[in-house]
Every structure is written in C-alpha cells, then in structure tokens.
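Single-letter residue listing:
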Amino acid sequence: TILHDRRSRRIGGRVDFNRLEPSVIARAFPYLNQLADIRAPFSGNVNFELAHGWQLLGLRLQLVSDFGQATFAMAYPSGSEMVQVSARMNDIRLASLARATPALSPLAGLDIPVSGVLEGGADPAGLFTLTKVDLTSGAGQVDLPGVFPQTMKIAGARLSADIDATTSTAMVRDFSVDFGGTKVSTSGRVRRDDAGYTMAVDAKVAELPMSDLAKYWPPGMGVSARQWVISNIVDGTVNEGMVSLALNMPVENDRASVQVESIDGTLQYQGLSIKYWEPLPKVADVGGTATFNAQGFKFAVSSGRLQDLAVEKASVDIIGLDAEDQAISIDAALRGSARTLAQILDRKPLGYVSDIGISPAAISGEAVVRTKFDFPLITGLDAKSIRFSASAGLGKLAVSPAPFGLTPRDGDVRLKVNNAGLSATGTMRLFASPATIDWREDFRKDAKVRTNLVVSGRLPDLSRPGFGVPPTKMIKGPSDVNVVVTARSDGSTEILAGFELVDAALDMKEVGWTK
C-alpha cells in the first residue's frame, strides 16, 4: 500500500508479509542485522515514511512469530547519522527464541514470557548500540545451572537499566524477581573491559522461607557452611536480607573463574529452628538479626527457646567461609527450669547428671544459664570435637532424693561445667538448717580423684541421719558438721566428717564419757 501527500510531497507506505525468513528482513534493514541469525520465519508488516527526494524519515516494523510479537520503530533525525531504534516486545518466549537463535543460546533456560521496551541507536554500518532496557516477565520457570541448584518457578520479573556505550557501563536501576512469595530485587553497576565484567550490586530479599534456602544458595559457595546451615537451620523465615556484592567475571562467562572481591550484608529473621548438635534438642522460635561477609556469618539472636528455657540473648558465628575449613561458635544466655537444664546436660553422650548419682527428675528450681559451644563444621561430628562450657545460677534449688541422704532445698548455687569437669558452690538448707556446698567433678580420663564434695552446716540432732553421717545413740543434739567426700577413679570412696560438739549431749557409757 502506497500513499502520496502532494502538499508535503511525502510518501507513506505499508508492506505486509507472511512467513518471511529473518535473513530477508535483515538484508532490507541493516539496522536490524541481528535478526539474520534467527532460524524461524516471521509474519507482519512494515510501515515507512519518505520525504521528498526519497529520504527515509521513519520506519515501523511489526513482527509476529511462534515465540511472540515485537514492534520496531526507527527514526532518522535530520543531520544525524545515528538512527534511533526502539523495540517493543509482547510476550516473547525467551527459551523458544534462544533455541532458534544460536547467539542467544545462554538464555535457553529462561522459559518466561517477556514484554517491554529496548532503546538504542544504529550507525550507517548497521551497528546497533543498546542504551535503555525496560522489561517485565510473566510467570514461568528458569533453569540456570551454577546460579540456582534447581529449576526455579517465578511469578514475574522486571529489568530496568541504562547503558552508556562510551564507558561500556550499564546502570541497573531495578532487576527484581518474584518467586511466588520470596522476592529478590537488585540494583547496581556492570562495566565491561577487555578482561571481562566488573560488577557492583546491591540486592534485597524478602520473605524467604528457610526451607527454600537451598534453592537460592549456589552449591559452590561456602560448601561446608552451606551444608551445615541448610541441614541445621530449619523452619522460619528471613523477613528481609540485604547484600552488597562486588565481583569480576571473565568475558567467556566461566562461572568457575568468577572472583568475588567483596560481599557483605544483613538479615532479619524469625521463627527459625537451630540444631546446633544432634544429641541435644534444637533451639526453636529463634528471632534476630545477622551480618555476613566473605569470611563468615554473625547471628545476633534476640529471642528463642530451648524446650522451656527462654533464650534471652545469643550469638552464632560461622567463620572460615574463605578458607578450606569452617567452624562455628555458639554463645547463649538462657533462663528457665533447673530441671530442664539438668535433663539437657544429662543427654548422651554428656550424662553429666546421672553419672554423679542424681536423677534430673529429682531437681527443681530456677536457672539462669550462659552456655557456649565451639566445633568444626564437619560431617560425623563427635563429642571429642566439641568444646563445651556452661555457667549457671541456680535459685530455689531442691534435689529430692539426693546422694548421701541429703535433702537440699532453697539452694542458691553457682554451677560451672565444661569438657574437663564440673563445679558447684553455694548455699542451701539441709534439714531446715543453712549449709554451704563446694562440689567438684573431674571428667578427664587420667583424673585420680573423680569427686570432691565438701558440705558444711548444722545438724539439728546428731541422733538422726543426714549429711551422709549415720545415726548414733551416743550423741544427741545440734552440731556444726563439716563432711568431705572423696571418690577416686579406682572405685574407692572416702568420707571424712568433723563435728563441733559444744551444743551436743555425749553419752558413752562404755568408756565413762558424758557431757
């Protein structure tokens, strides 16, 4: 169709075509020579406008193919050799286009419909320079090995960027992906030189379920830490995460050669469950913040619970991400039931409570605990590889029954325990009288003395048993008593008792002693 305006002496026209090979279009319009590599026919039309003297003023090309539709508009500014080119795409299936275009084969894993605008310019030789990108996608899936460990479904995405050809720099205003709940958005700068690409990126993630973390954490990044975090930090959600990343990537796009110059970020999370060591119960309902960099993670926990012990404050540090071996350090402050604390300390392979003759069920009271674990992030972790320590303030402590016939209650005891041993010092009431306790346990294999227990207090009546002292008819009445119990590794036990008999009555008729 040809139209001629006699007044302006301009000519306009339209050409319709059907199942035309892209190479024919590229030969007709050198500014679109990139179409020549596409191995699929197009249908559509071209609208053009010519000035007097056959000078081309503008051209509009509409293309329809099996993988979507696109409209190209070209303007020829007066006095300029550069042609302004814009392309508006509508539901272009990138995977289908990539399979038909060898140059776009890296996009074959993007099975998503893309719409939006590309803008740029072309010189007389047909060399096109992209200057602006504003694209959105609908729902689909992406398969990018090396970026994501598995095929990812997405609800939508957006890419908006400005490109400066003179500096080979792209300023990415927004690159965001909605994974159907979890949302990731990035912005930054990408610059290309002869060596490759230099990238500085700021990214934000929102509403990431910890159960999905394995989908987003590349398998080759921090291998040991990734395995430990994915296996041991479960449940809950990362409400918000921020990361700043600087990296270099070679021109050949070899992911194995990507160099991460720097990475750091922050996390906010809630409802996590952390399995810090398999034999012990996990910490649940964990909330707080975290920071991370190329060397490791630092979690600052502000809430959580270990069974019915409340986690008031804790830190979890994962170190060595930039080294061959990684390790973890856990430092936590807890408050709650002394019985729960005893049950945890008695779990195998610890057995710290039952090994000294006390059942955790016999313990009651309140506990304020500070505990610390340090261990390497390795598979097959055993107790020998863990450095453990805990200190606790035990209030209103009662043990019934207790060893040596003791019935302590109203205890105020300071407890310390680690891999090497246990110590407990404080005050309590025994037989309704105040007493002090100094108790030491040595867990080391070469220890000659396993237990050393010193109890000092006042027995209301020596004729009744208590403090491990057998009843006697020869002495009656109150007495200050000091009892020392020593248990050795050879199985022998020694009990030494000292008595102050000032207020007691003595009746030893056999030897004629009375008092």
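Above this text you will find the structure in question.
Read on for a plain summary of the structure. (Residues numbered from 1 in each chain as written. Predicted model: local features only at pLDDT ≥ 70, side-chain atom pairs only at ≥ 80, totals over all residues. Heavy atoms only, no water.)

**Focus: the overall build of the protein**
Along its length, the protein carries five helices and 33 strands. The C-alpha atoms of the protein give a radius of gyration of 39 Å, which is well past the 24 Å a tight globule of 515 residues would have. Judged by the C-alpha coordinates and their principal axes, the protein covers about 150 × 40 × 35 Å. Evaluated residue by residue, the protein yields a buried proportion of 40% over its 515 residues. Counting contacts in the protein only where the partners sit at least 6 residues apart, residues at least 24 apart contribute 46% of the total. Averaging the coordinates of the 54 positive side-chain charges in the protein and doing the same for the 56 negative ones gives two points 4 Å apart. (Helix = DSSP H or I, 4+ residues; strand = E, 2+ residues; numbered from the N terminus. Rg over C-alpha atoms; globule rule 2.2 N^0.38 Å. Buried < 20%, exposed > 50% of the residue type's maximum accessible area, 1.4 Å probe, protein only. Contact = heavy atoms within 4.5 Å. Lys, Arg positive; Asp, Glu negative; His and termini not counted. Charge placed at Lys NZ, Arg CZ, Asp CG, Glu CD.)

**Details of unusual backbone geometry**
Trans is the common state for peptide bonds, and a negative phi is the common state for residues other than glycine. Backbone torsion omega between Ser400 and Pro401 reads 0°, so that peptide bond is classified as cis. By the element assignment, Pro401 lies in the loop between β24 (387-399) and β25 (409-418). A positive phi angle, close to 55°, is found at Asp91, a residue other than glycine. Positive phi values are uncommon outside glycine, yet Ser168 reaches one of about 55°. In this fold, Ser168 is placed in the loop between β12 (156-164) and β13 (169-178). Using a relative accessible area of 37% as the deciding quantity, one classes Ser168 as partly exposed.

**Re the sheet that holds strand β33 (residues 513-514)**
Here we have three strands laid out as an open sheet, ordered β29-β32-β33, and antiparallel in their pairing. Of all the strands in the sheet, the pair left with one neighbour each is β29 (475-476) and β33. (Pairing = 2+ DSSP bridges.)

**Re the sheet that holds strand β7 (residues 110-111)**
Within the open sheet, the three strands sit side by side as β7-β10-β11. Their pairing is antiparallel. Strands with a single pairing partner mark the edges of an open sheet, and in this sheet they are β7 and β11 (152-154). Pairing of strand β10 (residues 140-142) with β11 involves three bridges; the strand directions are antiparallel. Across the sheet, the residue bridging to Val142 is Met152, located in β11.

**A closer look at the environment of Arg450**
Considering the arrangement of structural elements, one finds Arg450 in strand β28 (residues 449-459). Of the residues examined, Arg450 reaches a relative accessible area of 26% and is grouped as partly exposed. C-alpha of Arg450 to C-alpha of Thr425: the two residues are 25 residues apart in sequence and 17 Å apart in space. Among residues more than four places away in sequence, those in contact with Arg450 are Arg440, Glu441, Asp442, Phe443, Arg444, Lys445, Ala487, Arg488 and Ser489.

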